[in-house]
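This is what each chain is made of:
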Amino acid sequence: MANPSFLLSSHQWQILLGAAHAELSLHEEEINALNVFPVPDGDTGTNMNLTFTAGIKALHGKSFQTCAEVSKIFAEGLLMGARGNSGVILSQLFRGFSQVDVTAFSVNQFAKAFFEGVQIAYRAVSKPVEGTILSVARDVAQAAQKEARQENADWTSLFAVIVESAKQSLAATPQQLPVLKQAGVVDSGAQGLVYILAGMADAVSRWNKDQASPQYTETDTFNPSKLEQKNFYPAENVENISSDAIHEMVESHGHYGYCTEALIRIEAGDVDRAGESLRHQLLAEGGDSLVLVTSPPYLRMHVHTLHPGQALEVALQFGPLVQIKIENMTEQNAHLHPVEQDSRPHPAAQDSTEEVQNIDQMAIVAAINGEGFRRVYESLGVTVLVGQEPLANPSIEDWSKAIEASGAEQVILLPNHKNVLLSAEQAAQLMTKANKRVSVVPTRTPVHGIAALLAFSPHLGFDENNLAMQRAVSQCRVGMVAKASRDSVYQNREVRAGQFLALLEDELLNVLPDANDALVYLLKELLQPDSELITVYIGSAASTSDLSLLRQQIVALTEIEVEFQEGGQSVFDYFITVE
């Protein structure tokens, strides 16, 4: 057992957090500049730093008697300030420290708290993937627990093991995640975590050399700006580190079907028993890849099924569905053209006894990138959440404030970007606990968001609108044109700086020297015999002088009506959709 006399006080715990923040801040721009995707949309460093900064600010001006108090306030600050997928996961990792009620941490308790955080973070991600910040955190937690059980373990030995295991796990991420291996990089969310742990280790190394336990003088204060900075990785390795690759994770979902998720509020009976009963029923219905997580009074369900309506009907037996998410894995994995579906409300929604709500009792909050899109969304009555520009994703607190400002008891969130999805989901969970009904429709671009808005009806109830909007999003196919900022290999294609990527949803179809040529290429892929309208959303980087030529190119290709709309989005020169 580790020597229990080696305890970390509340003040010393703040010192470690400050050192971690300083190290992460030092490398923010470096992480932002590194990206698997050869387009300058990397914002992992900023998201993680802004998240950590929110936690640090929550500690300022307060006095603490215990580590538990520090951890609780810090975790709350992280959660409300969490931005992007990497920031949300980071906030969940540190929640583990708030679960351990101690006056001062022993090495055993510290290792246990880190392990608890890993469990919480894994539960926050519906489809965890190896080769990311999650798997690195898990490897570190396992190594830390093993070291903490050693008879002579102290803080110096603990952090030596933590840093070494973090480096080894980070180096292994390309072998775990194919997209990283293809690009010859490591995961940048994981790199951000390594910098955080390295900052703590640096602070530990500056403790009195003759002490195995934290020792500070009376003049030591919690001031991150005064902490000495050291690079953890040598400069020659910098180009081999990617930005957040979470949005590139690919998980095998089986051959076909629907990934169906729901957050169920259990209003009567034991949540664990409800979970066991739900498990048996879903498996009997042919469900696969089943995951059930309980957090009384809530039960989160994740299942792969050919009949999502049946799965939701089963779930409804146990309580109201607070959140619903359905993804067509056949379309996602095979990239098939959408099949026309019945536009009537989903059967699971039709069986609901919920009364039809007036539109004034429901609100829609969206994250928007681009002034043109902002005007469109506002004209449709949406409470717009500004702040999804690159390097400024909305935080959980931003979402929560917008939900409150809507004045509605039932709110639907449109994240409009994969890196914004987790913060929206976390905000929905928080506001649900505050007795609001909040759901997330997983829109990936502002164009998907418009498709969802057009499916909204004031004559439908909350659940019916959610299902209708999700169905509309699944049927919406969006082409995207973006300029590569550097040479890279992406989805098995060589990409040179200055070339334009033609992407259909997440699939790279071609790489061309001209933005207009890339858009016309996408148009040919999207056109169908019954197509009636082409809409092009122009980004802030697009050349307005090329628009006249672009219109001529489209007219030469098809007689279908074409509309040009100002989107104002950054990163992508054009979005295109065909109806």
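This one's a predicted model, so the numbers in the text were calculated from it and none came from an experiment.

Turning our eyes to something else, we now look at the overall build of the protein. In terms of regular secondary structure, the protein is built from 21 helices and 16 strands. Counting only residues that meet the buried cut, the protein has 58% of its 579 residues in that class. Partitioning the contacts of the protein with sequence separation of at least 6, the portion at a separation of at least 24 is 75%. Within the structure as shown, the protein displays about 24,000 Å² of accessible surface, and the carbon and sulfur contribution to it stands at 49%.

What follows concerns the confidence of the model for the protein. Confidence in the prediction of the protein, expressed as mean pLDDT, is 80, and 80% of residues score 70 or more. This model gives residues 208-256 a pLDDT under 50, and the stretch forms 121 contacts once residues within four places in sequence are excluded. For the stretch residues 334-359, pLDDT sits under 50, and the model shows 59 contacts to residues farther than four places along the chain or on other chains.

A few words now on unusual backbone geometry. For Gln 491, which is not glycine, the phi torsion reads 50 degrees and is therefore positive. Structurally, Gln 491 is set in the loop between strand S10 (488-490) and strand S11 (493-495). Since its relative accessible area comes to 29%, Gln 491 is described here as partly exposed.

Let us look at the packing of helix H4 (residues 67-81) against helix H5 (residues 84-98). It is the contact of H4 with H5, at a shortest axis distance of 8 Å, that shows an interaxial angle of 165 degrees. As judged from the angle between their axes, H4 and H5 are roughly antiparallel. Where H4 crosses over H5, the two elements pack in a sense that is left-handed. Taking contact as the criterion, the partners of Ser 71, Lys 72, Phe 74, Ala 75, Leu 78 and Leu 79 in H4 are, on H5, Leu 90, Ser 91, Gln 92, Phe 94, Arg 95, Phe 97 and Ser 98.

The next thing to look at is the nonpolar core. Soluble, globular proteins show a tendency: their nonpolar side chains are buried together. Judged by nonpolar contacts, the single largest core of 82 residues is most densely connected at Trp 13, Phe 52, Phe 94 and Phe 105. The biggest single contributor to this core is helix H10 (residues 188-205), with 10 residues. When neighbours within four sequence positions are excluded, Phe 52 is seen to be in contact with Leu 17, Ala 20, His 21, Leu 24, Phe 74, Leu 78, Leu 90, Phe 94 and Ile 196. Counting residues in hydrophobic clusters, the runner-up holds 35 residues, among them Ala 451, Val 478, Val 495 and Tyr 537.

Before going further, it helps to examine the sheet that holds strand S15 (residues 561-566). Overall, mixed pairing links the 6 strands, which are arranged S13-S12-S9-S16-S14-S15 in an open sheet. On the outer flanks of this sheet lie strand S13 (507-512) and S15, each paired with one strand and no other. Adjacent strand axes in the sheet meet at a mean angle of 20 degrees when their direction is disregarded. In the sheet, strand S14 (residues 533-538) pairs with strand S16 (residues 572-578) via 5 bridges, with the strands oriented antiparallel.

Overall, the coordinates contain 16 aromatic pairs when judged by the stated rule. Relative to Trp 155, the ring of Phe 110 has its centre 5.4 Å away and its plane inclined at 85 degrees; by these criteria the two rings are edge-to-face. Remark: Trp 155 occurs in helix H8 (residues 155-176) and Phe 110 occurs in helix H6 (residues 107-124); sequence separation between them is 45 residues. Residue Trp 155 is classed as buried on the basis of its relative accessible area of 0%.

Before going further, it helps to spend a moment on the environment of Gly 568. With respect to the helices and strands, the residue Gly 568 is situated in the loop between S15 and S16. Classification of Gly 568 by relative accessible area gives buried; the value is 18%. Put simply, Gly 568 and Ile 538 are 30 residues apart on the chain and 6.2 Å apart in space, counted from C-alpha to C-alpha.

Turning our eyes to something else, we now look at the side chain of Thr 51. Note on placement: Thr 51 falls in helix H3 (residues 44-59). Thr 51 has contacts with Leu 78, Gly 81, Ala 82, Arg 83 and Gly 87, leaving out every residue within four places of it along the chain.

Our next topic: the packing of H6 against helix H7 (residues 133-148). Running from N to C, H6 and H7 cross one another at 155 degrees; their axes reach a closest spacing of 9 Å. Taken together, the axes of H6 and H7 are roughly antiparallel relative to one another. The hand of the H6/H7 crossing is left-handed. Along the contact surface, H6 presents Val 107, Asn 108, Ala 111, Lys 112, Phe 114, Phe 115, Val 118, Ala 121 and Tyr 122, while H7 presents Leu 134, Ser 135, Ala 137, Arg 138, Val 140, Ala 141, Ala 144, Gln 145 and Ala 148.

Turning our eyes to something else, we now look at the pattern of salt bridges. With the rule as written, the count across this model stands at 16 salt bridges. Ionic pairing is found between Arg 374 and Glu 371, a salt bridge with its closest N-O pair at 2.2 Å. One end of the pair, Arg 374, and the other, Glu 371, are both in helix H15 (residues 371-379), 3 residues apart, so they sit about a helical turn from each other. Take Arg 374: its relative accessible area is 23%, and that puts it in the partly exposed class. Overall, Glu 371 belongs to the partly exposed group, its relative accessible area being 35%. The salt bridge partner of Lys 418 is Asp 506, with a shortest N-O separation of 2.8 Å. In this pair, Lys 418 is assigned in helix H17 (residues 418-433) and Asp 506 in the loop between strand S12 (500-504) and S13, connecting sequence segments 88 residues apart. Residue Lys 418 is classed as partly exposed on the basis of its relative accessible area, which comes to 25%.

Glancing now at the side chain of Ser 439. Assignment of secondary structure puts Ser 439 in strand S8 (residues 437-440). The exposure class assigned to Ser 439 is buried, which follows from its relative accessible area of 1%. Ignoring any residue separated from it by four or fewer positions in sequence, one finds Ser 439 in contact with Val 322, Gln 323, Val 411, Ile 412, Leu 413, Phe 462 and Asn 466.

Here the focus is the pairing of strand S5 (residues 362-368). Most of S5 sits inside the fold, with 7 of its 7 residues counted as buried. Alternating positions in S5 separate into two faces, Met 362, Ile 364, Ala 366 and Ile 368 on one and Ala 363, Val 365 and Ala 367 on the other, with burial throughout. Judged from the 5 bridges that link them, S5 and strand S7 (residues 410-414) form a sheet pairing that is parallel. If you follow Met 362 over to S7, its bridge partner there is Gln 410.

Conventions used here
Residues numbered from 1 in each chain as written. Predicted model: local features only at pLDDT ≥ 70, side-chain atom pairs only at ≥ 80, totals over all residues. Heavy atoms only, no water. Helix = DSSP H or I, 4+ residues; strand = E, 2+ residues; numbered from the N terminus. Buried < 20%, exposed > 50% of the residue type's maximum accessible area, 1.4 Å probe, protein only. Contact = heavy atoms within 4.5 Å. Areas by Shrake-Rupley, 256 points an atom, 1.4 Å probe, with all protein chains shown as cover. pLDDT = per-residue confidence, 0-100. Axes fitted to C-alpha atoms, helices over the stretch in contact; angles between N-to-C directions. Parallel < 35°, antiparallel > 145°, perpendicular 65-115°, else oblique. Left-handed = near helix turned anticlockwise from the far one by under 90°. Core = buried A, V, L, I, M, F, W, Y, C linked by side-chain atoms within 4.5 Å. Pairing = 2+ DSSP bridges. Phe/Tyr/Trp six-rings, centres within 6.5 Å; stacked < 30°, edge-to-face > 60°. Salt bridge = Lys/Arg side-chain N within 4 Å of Asp/Glu carboxyl O.

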